Amino acid sequence: MGVLVDLQNLLNNIYDELYERIGTGAVADYIPELAKVDKNQFGISVATTDGQVFSVGDATTAFSIQSISKVFTLTLALGRYGNSVWKRVGREPSGSSFNSIVQLEFEKGRPRNPFINAGAIVISDLILSGHQPREAIGEILDFMRYLAQDESIIVDHDVAKSEMRTGHRNLALASFMKSFANLDHDAAHVLGVYFHQCAIAMSCEQLASAGLFLADGGRNKALGLRVVSAERARRINALMMMCGHYDASGDFAYRVGMPGKSGVGGGILAIAPEKASIAVWSPGLDGFGNSVLGTAALELLAHRTGWSVFGA
Ligand code: GLU
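Residues numbered from 1 in each chain as written. Predicted model: local features only at pLDDT ≥ 70, side-chain atom pairs only at ≥ 80, totals over all residues. Heavy atoms only, no water.

Colleague: I'm lost on the overall build of the protein chain in this one. Help?
Modeller: The number of helices and strands found in the protein chain is 14 helices and 10 strands. The C-alpha radius of gyration of the protein chain comes to 18 Å, within 12% of the 20 Å expected for a compact globule of 312 residues. Viewed in the frame of its principal axes, the protein chain has a C-alpha envelope of about 60 × 40 × 35 Å. Looking at the 312 residues of the protein chain, the share that counts as buried comes to 58%. Carbon and sulfur atoms make up 52% of the accessible area of the protein chain, which amounts to about 12600 Å² in all. Mean positive and mean negative side-chain charge positions of the protein chain (27 and 31 charges, respectively) differ by 8 Å. (Helix = DSSP H or I, 4+ residues; strand = E, 2+ residues; numbered from the N terminus. Rg over C-alpha atoms; globule rule 2.2 N^0.38 Å. Buried < 20%, exposed > 50% of the residue type's maximum accessible area, 1.4 Å probe, protein only. Areas by Shrake-Rupley, 256 points an atom, 1.4 Å probe, with all protein chains shown as cover. Lys, Arg positive; Asp, Glu negative; His and termini not counted. Charge placed at Lys NZ, Arg CZ, Asp CG, Glu CD.)

Spelled out as structure tokens, the structure:
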């Protein structure tokens, strides 16, 4: 009995309590392929640092991870370039929407942080160095498969194409940064990498496993190895806490109190340091582009487990 059974019960209860609200919020229709997703879906998965996985609802259905990919590309870029990454991108919350362009002009093409679109595009530019776009995309996908220990994870090419056709604002952001010499490669190539990383499709169970190293001081016990140093894991968590939900990051910290990263596919990865990696998914979004039900589920989970980093 004890903790493990309680955690499964807890997830079941949260699912039941929120069941009536499944379908609230709006799907991200600015990406036509995401507009087709049935919003009546809801899943939660919790991977604990002692190697257990607990799930409820649509936890094995793959969804577009979108901006959650930015946590993993940052991890890759830090691994390759270390602290020099911070010459190209800042570490401050933006207080602006995910695709805002205004701040970039004032700050001379150096994005506020790696989790807004402009910052993530710079990170994709770094990962592209020394590679063809196809190789860079392969490297990111391999990293996700490796962390989740699941070779079946794929890029949804229809979603990637959909964004390539309609991502005019991201092209504007990339071109704008290029004008400030903060992009080494061709904007179209960098966006090719960026759109494909966003189009990686994963389930809550896969995502929770992939995020486990951030909950366990940089280690992944299932893999039997260290992914990043404890210091780096702590710092990535700090960035997720401050910047992971765009201009609603403060509200997420207030309600949930865990480092988290959302994506417009309706997923959220949240980290309870030393305890668990949690992935929630429900496609209906609020006005800030964050999953309505996903946030509500994490709020209940944090409250009932005492997993907020700010105390119970
Ligand atoms: N691919 C999306 C975009 O660039 C990511 C946004 C998000 O998930 O927040 O618009």
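Colleague: I would appreciate a short explanation of the site of the ligand in the present structure.
Modeller: In the vicinity of the ligand, the contacting residues are Tyr30, Gln66, Ser67, Phe98, Asn117, Glu163, Asn170, Tyr194, Cys198, Tyr246, Gly263 and Val264. In the environment of the ligand, a nitrogen atom lies 2.9 Å from a nitrogen or oxygen atom belonging to the side chain of Glu163. In the environment of the ligand, an oxygen atom lies 2.8 Å from a nitrogen or oxygen atom belonging to the backbone of Val264. Contact with the protein chains covers 99% of the free accessible surface of the ligand, which is 300 Å². A class-by-class count of the residues in the shell around the ligand yields six nonpolar, five polar and one charged. (Near = heavy atom within 4 Å. Polar contact = N/O pair within 3.5 Å; in protein donor to acceptor, adjacent residues only side chain to side chain. Nonpolar A, V, L, I, M, F, W, Y, C, P; charged D, E, K, R; others polar.)

Colleague: Which parts of the structure should I look at to understand the environment of Thr24?
Modeller: By secondary structure assignment, the location of Thr24 is in the loop between helix 1 (3–18) and helix 2 (32–35). Note on Thr24: relative accessible area 36%, which makes it partly exposed. On a C-alpha basis, the gap between Thr24 and Gly287 in space is 12 Å, while along the polypeptide they are 263 residues apart. Here the side chain of Thr24 touches Arg21 through a polar contact of 2.6 Å, landing on its backbone oxygen.

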